[in-house]
Amino acid sequence: MDFQTISIREFNEYRKRPDAWVIDLRSKEEFEEVHVEGARNIPYEELKMYQKYLPKDKLYILYCDRGSSSLMAARELSREGYRTVTVVGGFQAVIQKR
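This is a predicted model, so every value here is computed, not measured.

Reading the values: the criteria
- Residues numbered from 1 in each chain as written.
- Predicted model: local features only at pLDDT ≥ 70, side-chain atom pairs only at ≥ 80, totals over all residues.
- Heavy atoms only, no water.
- Patch = residues over 30% accessible without salt bridge, like charges linked within 9 Å, V, L, I, M, F, W, Y side chains within 5 Å.
- Areas by Shrake-Rupley, 256 points an atom, 1.4 Å probe, with all protein chains shown as cover.
- Salt bridge = Lys/Arg side-chain N within 4 Å of Asp/Glu carboxyl O.
- Lys, Arg positive; Asp, Glu negative; His and termini not counted.
- Charge placed at Lys NZ, Arg CZ, Asp CG, Glu CD.
- Helix = DSSP H or I, 4+ residues; strand = E, 2+ residues; numbered from the N terminus.
- Expected span 1.5 Å × (residues − 1).
- Buried < 20%, exposed > 50% of the residue type's maximum accessible area, 1.4 Å probe, protein only.
- Arc of directions from axis to C-beta.
- Pairing = 2+ DSSP bridges.

**What to know about a negative patch on the surface**
Item 1. Negative charge collects at one region of the surface, where E29, E30, E32 and E33 lie side by side.
Item 2. Relative to the helices and strands, E32 is located in helix α2 (residues 28–33).

**A look at helix α4 (residues 68–79)**
Given 3.6 residues per helical turn, the α-helix brings residues three or four places apart onto the same face.
Item 1. The first and last C-alpha atoms of α4 sit 17 Å apart over 12 residues, in line with the 16 Å expected at 1.5 Å per residue.
Item 2. Residues of α4 that are buried: S70, A73, A74, L77 and S78. Mapping the buried residues of α4 onto a view down its axis gives an arc of 125°, with all of them on the same face. For α4, exposure combined with an orientation more than 90 degrees from the buried face picks out S68 and R79.
Item 3. Following α4 by one or two positions, G81 adopts a phi angle in the positive range, close to 95°.

**What to know about the pairing of strand β2 (residues 20–24)**
Item 1. The buried count for β2 comes to 5 of 5 residues, which makes it a mostly enclosed element.
Item 2. Taking every second residue as pointing to the same face, both faces of β2 are buried, with A20, V22 and D24 on one and W21 and I23 on the other.
Item 3. Where β2 meets strand β4 (residues 59–63), 5 bridges bridge the pair, whose relative direction is parallel. Of the residues in β4, the one forming a bridge with I23 is L62.
Item 4. As defined by bridge partners, β2 adjoins strand β3 (residues 40–41) across 2 bridges and the pair is classed as parallel. Bridge assignment links D24 to a residue of β3, and that residue is N41.

Here you go:
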């Protein structure tokens with residue numbers, strides 16, 4: 001596995017890194033309703049289309065609703081040479097921690 005899964009506690013530390021981009025893979029509607037502060041929205045279905053605009057010198061912290069789409073995205077991006085981590089439990093875990 002070329003990517004890591006991280007806990008909510010680790011997520012809060014990772015997202016402070018200057019090289020980190022938090023990517024919300026949920027739909028635009030879900031993102032507009034509520035999201036993690038500072039996150040960028042790239043719906044999972046559109047990830048391939050936007051991938052060419054993602055610099056490879058960043059660390060991508062990926063989350064979706066429950067964690068399955070972000071696992072697939074992390075796997076796909078890591079195969080292409082991106083550094084990725086995914087949040088265990090996804091956005092549902094994030095909002096439970098609030």
